[in-house]
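Listed below, chain by chain, are the residues.
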Amino acid sequence: MPTICAWCACEMSGAEAANGLVSHGICESCRDNIFFQGGARMQEYIDSLKLPVAVINEQGFVQTINTAARRFLQKETVPVEGLPGGVVFECEYARHPEGCGNTLHCSACAIRRCVIYTFDTGEPQHQVPATLRYCGKPGVPEEIIMYISTEKVGEVVLLRIDWVGDAPDDAEHAV
Ligand SMILES: [Zn+2]
């Protein structure tokens, strides 16, 4: 069975597959686009991905997000660069005075835990359920269940929203 890149869905070569984590790896071309190209080329690459993706630095700040994420987070016209992840995701707790990453709730945040885990170990996470207390709409915050994946590339972690709500039947092939 061919190994599929978990990010661009291309078929990986045998050598690439053997190099990485076989089930949910990232191909050389994706890695190259993020790691070596940087800047506009990296932006162009992540914009080509259909699912929402955020590029997070080691301090938990958003370096950039892709077009799908801008649409999903309703951030088409506002800058997100350099903001804490929770602020960009409109997490209710990020609005507390302690700030994103420092409230009592943050230690249990699956998004934060996945990003930190991937930074610390270099290991990707795949379709992990996470609950976001989303307050992007007026009124009471809404609990949003989402499934996320992470991948470390160089100095950043890519964070992807695989889907929102209940897992689809063909979850493994959602990408
Ligand atoms: Zn790829």
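See the structure above.
Structure report, in brief. Counting starts from 1 at the beginning of each chain's written sequence and moves along it residue by residue. Thresholds applied to this predicted model are a pLDDT of at least 70 for local features of residues and 80 or more for the giving and counting of side-chain atom pairs; totals over whole chains, interfaces and linings are not thresholded and use all residues. Side-chain metrics rest on all non-hydrogen atoms present in the structure, leaving aside hydrogens and water.

## Section: the pairing of strand 4 (residues 142-153)
- Note on pairing: DSSP must find at least two bridges between two strands before they are called paired. Here a strand is any run of E in DSSP of at least two residues, a helix any run of H or I of at least four, and the numbering for each starts at the N terminus. Sheet topology note: the strand 3 (residues 125-134)/strand 4 ladder contains 8 bridges and is antiparallel. By the bridge assignment, Gln-125 is partnered in strand 4 with Thr-150.
- Inspection of the sheet shows strand 4 paired to strand 5 (residues 156-164) by 8 bridges, in the antiparallel sense. Looking across to strand 5, one finds that Glu-151 is bridged to Leu-158.
- Between strand 4 and strand 5, which pair antiparallel in sequence order, lie 2 residues; one of them, Gly-154, sits at a positive phi of approximately 60 degrees.

## Regarding the coordination of the zinc ion
- Note on donors: an N, O or S atom is included if it sits within 2.8 Å of the metal, or within 3.2 Å for Na, K and Ca, and water is never included, so sites can look incomplete. The coordination sphere of the zinc ion contains the protein donors Cys-5 (SG), Cys-8 (SG), Cys-27 (SG) and Cys-30 (SG), at a distance range of 2.2 to 2.4 Å.
- Geometry assignment treats four donors as tetrahedral when all angles are between 85 and 135 degrees, treats four as square planar and six as octahedral when opposite donors are over 155 degrees apart and all others between 65 and 115, and treats everything else as irregular. Around the zinc ion, the 4 donor atoms are arranged such that angles at the metal cover 104 to 114 degrees; this shape is classified as tetrahedral.
- Along the chain, the residues that donate to the zinc ion are spaced as C-x2-C-x18-C-x2-C. Here Cys-8 is found in the segment before helix 1 (14-19), whereas its partner Cys-27 is found in the loop between helix 1 and helix 2 (28-37), with 19 residues between them in sequence.
- Residue exposure (1.4 Å probe, protein chains only): buried if accessible area is under 20% of the type maximum, exposed if over 50%, otherwise partly exposed. A residue is classified by how much of its surface remains accessible, and Cys-8, at 32% relative accessible area, is partly exposed.

## Here we look at helix 6 (residues 110-121)
- With 12 residues, helix 6 extends 16 Å between its outermost C-alpha atoms, agreeing within 8% with the 16 Å of an ideal straight helix rising 1.5 Å per residue.
- Buried within helix 6 we find Ala-110, Ile-111, Cys-114, Val-115, Thr-118 and Phe-119.
- Lining the buried residues of helix 6 we find strand 1 (53-56), strand 3, strand 4 and strand 5.
- Of the residues one or two after helix 6, Gly-122 is the one with positive phi, at around 80 degrees. Helix span is expected to be 1.5 Å times the residue number reduced by one. Two residues qualify as a contact provided that any one of their heavy atoms is within 4.5 Å of a heavy atom in the partner residue.

## A closer look at helix 3 (residues 39-48)
- Within helix 3, the full set of buried residues consists of Met-42, Tyr-45 and Ile-46. End-on, the buried residues of helix 3 take up no more than an arc of 90 degrees, which puts them together on one face. Across from the buried face of helix 3, at angles greater than 90 degrees, the exposed residues are Ala-40, Glu-44 and Ser-48. Relevant arc is that of directions from the helix axis to the C-beta atoms, nothing else.

## Points about the pattern of salt bridges
- Each salt bridge in this description consists of a side-chain nitrogen of Lys or Arg and a carboxyl oxygen of Asp or Glu lying within 4 Å of one another. One pass over the structure, following the stated rule, counts 8 salt bridges.
- Here Arg-95 makes a salt bridge to Glu-90, at a shortest N to O gap of 2.8 Å.
- A relative accessible area of 54% means that Arg-95 is categorised as exposed.
- A relative accessible area of 15% means that Glu-90 is categorised as buried.
- The shortest N-O distance in the salt bridge between Glu-142 and Lys-137 comes to 3.7 Å.
- On the accessibility criterion, Glu-142 (36% relative accessible area) is partly exposed.

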